[in-house]
Amino acid sequence: MGRQPRTDLLAGLTVAIVALPLALAFGISSGLGAASGLATAVVAGSLAALFGGSALQVSGTSGAMTVMLMPIMSAHGAGGVLTVGLLAGVLLVALGLAGAGRYMALVPAPVVAGFTVGMACVIGLQQFPHALGVPPHASDKVAVVAWHAVLDFMARPHWWAMSVTLAVAAALLVAASLWPTVPFALVAVAAVTIVADLAALPLARIGHVPSGLPTPSLAFLDPDVLPSLLAPAIAVAALASLESLLSAAVADNMTGRHRHDPDRELFGQGIANLVTPLFGGMPGTGATVRTAVNVRSGAQSRLAALAHAVILGGIVYGASGLVSKIPLAALAGVLLATSVRMVERGSVLAMFRSTRSDAAVLVLTAVATLTLDTVLAVIVGLVVAGALALRAIARNVRFHQEPLRHDLQPEHTEDEHALLAEHIVTYRLDGPLFFAAAHRFLLELSQLTDVSVVVLRMSRVSTIDASGAKVLGDTIERLEGRGIMVYVSGIPDGHHQPLEALGVVARLNEAGQVFATTDKAIAAARERLHNSGIVPRLAG
């Protein structure tokens, strides 16, 4: 935190200015009030910065969390929301201590990239009303809000707001790329605010900012309603963990240098949510918008996120009147520029061009993030990515017939080998024998005719699940029903359990038809064919 304090403090100031109207708006939308949103930004923002696992993550209120809290507020009131936040904090601390964050590494890169692209679109579309100087349309779909903003603007153009937004966005996109060490977001917002105030421009401002935080209290906690609030608390904890870890992953991708600790991040978010309700704050989470602004403002350490919370606290107690004059159009310009810069276009294009599956997952996750909520978008991305991965694995499973090895019994004549080859066929299974691929060999083996023995070589099977074991058992039964004997060889260690649990190899073991090597299996099959008279013994 002491390496580049000036850069971090300026980044924290920039994020604080952007976070202030968001905290006010989300606090009001949740039903708890503007002071609750500020309490969340200050308390959760500082504690998550200190205890969290990401050096660049900025925590506070979020739109997705606000939507989830509305029905809780309606059913249980403010006390219920605060209690849910407290319970969610306990759950997040437990998840962090249990090491649950490490499973975030299982989320495919195209899902994270798609989420980033989708969030960039959401952030950009959210700014249309303020950028065009029109009241926002009442809808939870950002595309609908943006469309109505365009229609309202065309009916009553408000050029001052658009000019301010474009000027601020241009300053960040153009000038900041030329002089990256200059805090153009802060400079642009300050300059626009001064000019707009002196010229009395007709621009919507941030407006009233509460001049203080609620007094710490546990009066909201009602033990009698705790059981009914456990399910909402689990949902809130799930959303907080998912949003926080995704936001931290976005920050990592934007810098290419930092790597967050997912377990520590969950622990830090848990501590933040344990304390925030005491100050009347709503449940908080890692915020992608503010995190992206933080990264693009040059933040180098967690000092920037901590400074953002401290500055917000200072604004609440000492500069609320000054901040209330900032035009919303100026903040819209900052966020529009951030939405453009938060997408690493080179990385996204590389994934888009790598495989069609990666491109499909990326696009689908981005669209779902834009049209659905955060949790559903990630679930959709994970499900599609998992399905495509299973399809790819299933396609790579190899099941092929191999010629009978003539070097197994060199003391016998070529005539006997040829005769044995007419009655014994060997198949090798390569790869995982699981539900997505097992049916392929069932179809092929079920069509076998004119043979007496099938030897299944399983030494290269990497895994077997219950579905694969069941299909294998069904295949053996069908072959035996047509009078074809089945021998199995080379079952790898660790794969016996599903086969034994479903009774696949028990009967074959009793009949002496399971062997460690293919050589022994073929020798036993040859001996049985000789003994049964199907293949006569020939003199060597």
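Conventions used here
Residues numbered from 1 in each chain as written. Predicted model: local features only at pLDDT ≥ 70, side-chain atom pairs only at ≥ 80, totals over all residues. Heavy atoms only, no water. pLDDT = per-residue confidence, 0-100. Helix = DSSP H or I, 4+ residues; strand = E, 2+ residues; numbered from the N terminus. Patch = residues over 30% accessible without salt bridge, like charges linked within 9 Å, V, L, I, M, F, W, Y side chains within 5 Å. Areas by Shrake-Rupley, 256 points an atom, 1.4 Å probe, with all protein chains shown as cover. Salt bridge = Lys/Arg side-chain N within 4 Å of Asp/Glu carboxyl O. Pairing = 2+ DSSP bridges. Contact = heavy atoms within 4.5 Å. Axes fitted to C-alpha atoms, helices over the stretch in contact; angles between N-to-C directions. Buried < 20%, exposed > 50% of the residue type's maximum accessible area, 1.4 Å probe, protein only. Right-handed = clockwise from strand over helix to strand, strands pointing away. Core = buried A, V, L, I, M, F, W, Y, C linked by side-chain atoms within 4.5 Å. Phe/Tyr/Trp six-rings, centres within 6.5 Å; stacked < 30°, edge-to-face > 60°. Parallel < 35°, antiparallel > 145°, perpendicular 65-115°, else oblique. Left-handed = near helix turned anticlockwise from the far one by under 90°.

S.K.: Explanation requested: the confidence of the model for the chain in the structure shown.
M.R.: Regions with low pLDDT should not have their predicted coordinates read in detail. Of all residues in the chain, 93% have pLDDT values of 70 or greater, and the mean over the chain is 85. At the level of individual helices and strands, the chain shows its lowest average pLDDT in helix 19 (residues 438-446), which scores 67, and its highest in helix 10 (residues 262-275), which scores 96.

S.K.: Looking at this model, I keep getting lost on a nonpolar patch on the surface. Mind explaining?
M.R.: A surface patch of nonpolar side chains, about 480 Å² in accessible area, is lined by Leu173, Val174, Leu178, Trp179 and Val340. It is helix 7 (residues 159-178) that contributes the most residues to the nonpolar patch, three residues altogether. Position of Val340 relative to the elements: it lies in helix 14 (residues 328-341).

S.K.: Honestly, the sheet that holds strand 3 (residues 398-402) in this entry has me stumped. Any pointers?
M.R.: Sheets are built from strands that pair by backbone hydrogen bonding, the pairs being arranged parallel or antiparallel. Pairing in this open sheet of five strands is mixed, and the strands run 3-4-5-6-7 from one edge to the other. Because the sheet does not close on itself, it has two edges, and the strands there are strand 3 and strand 7 (514-515). Note that strand 3 and strand 4 (residues 424-433) share five bridges and pair antiparallel. Note that in strand 4 the partner of Arg398 across the bridge is Asp430. Seen against the sheet, helix 23 (residues 518-532) touches strand 4, strand 5 (453-464), strand 6 (485-489) and strand 7 and runs at an angle of roughly 160° to strand 6.

S.K.: Looking at this model, I keep getting lost on unusual backbone geometry. Mind explaining?
M.R.: What is expected of a backbone is that most residues other than glycine have negative phi and most peptide bonds are trans. Of note, the phi angle at Ala200 is positive, near 55°, even though the residue is not glycine. Structurally, Ala200 is set in the loop between helix 8 (184-198) and helix 9 (226-255).

S.K.: What's the story with the pattern of salt bridges in this structure? I'm lost.
M.R.: Counting across every chain of the model gives four salt bridges. With a closest N to O distance of 3.9 Å, Arg102 and Asp263 form a salt bridge. With Arg102 in the loop between helix 3 (63-97) and helix 4 (109-126) and Asp263 in helix 10, the pair connects residues that are 161 residues apart, well separated along the chain. The exposure class of Arg102 is exposed, given its relative accessible area of 52%. Asp263 gets classed as buried once you look at its relative accessible area, which sits at 17%. For Asp430, the salt bridge is made with Arg460, and the minimal N-O distance between the two is 3.9 Å. With Asp430 in strand 4 and Arg460 in strand 5, this residue pair connects regions lying 30 residues apart in the sequence.

S.K.: Would you mind showing me how to read the pairing of strand 6 here?
M.R.: Counting buried positions along strand 6 yields five of five residues, so the element is predominantly enclosed. Of the two faces of strand 6, the one lined by Met485, Tyr487 and Ser489 and the one lined by Val486 and Val488 are each fully buried. With five bridges joining them, strand 5 and strand 6 adopt parallel strand pairing. Pairing of Val453 across the sheet is with Met485, part of strand 6. Taken together, strand 5, helix 20 (residues 466-481) and strand 6 form a β-α-β motif whose crossover is right-handed. Here strand 6 runs beside strand 7; their pairing, made up of two bridges, is parallel. Looking across to strand 7, one finds that Val488 is bridged to Val514.

S.K.: How do you make sense of the nonpolar core when you look at a structure like this?
M.R.: Within soluble globular proteins, side chains that are nonpolar tend to cluster in buried spots. In this structure, Leu20, Leu38, Val168, Leu172, Ile206 and Met342 are the most contacted members of the largest nonpolar core, which totals 100 residues. In terms of residue count, the dominant contributor to this core is helix 9 (13 residues). Not counting chain neighbours up to four residues away, the residues in contact with Met342 comprise Thr116, Met119, Ala120, Ile123, Val250, Met254, Thr288, Ala292 and Arg296. In this structure, Leu479, Ile484, Ile491 and Val505 belong to the second largest nonpolar core, which totals 25 residues.

S.K.: Hey, could you run me through the packing of aromatic side chains in this one?
M.R.: In this description, a pair of aromatic rings is defined by centroid distance and the angle of the planes. Summed over the entire model, instances satisfying the criterion amount to two aromatic pairs. Ring centres of Phe153 and Trp159 lie 5.2 Å apart, and the angle between their planes is 85°; on these two criteria the pair is classed as edge-to-face. Classification of Phe153 by relative accessible area gives buried; the value is 10%. Trp159 gets classed as exposed once you look at its relative accessible area, which sits at 55%.

S.K.: I would appreciate a short explanation of the packing of helix 2 (residues 34-51) against helix 12 (residues 303-318) in the present structure.
M.R.: In a packed pair of helices, the relevant descriptors are the angle between the two axes and the axis-to-axis distance. Viewed as axis vectors pointing N to C, helix 2 and helix 12 meet at an angle of 155°, and their least axial separation amounts to 8 Å. Judged by the angle between their axes, helix 2 and helix 12 are roughly antiparallel. Considering the relative orientation of helix 2 and helix 12, their crossing is left-handed. Along its contact with helix 2, which presents Leu38, Ala41, Val42, Gly45, Ser46, Ala49 and Leu50, the element helix 12 presents Ala305, Leu306, His308, Ala309, Leu312, Gly313 and Val316.

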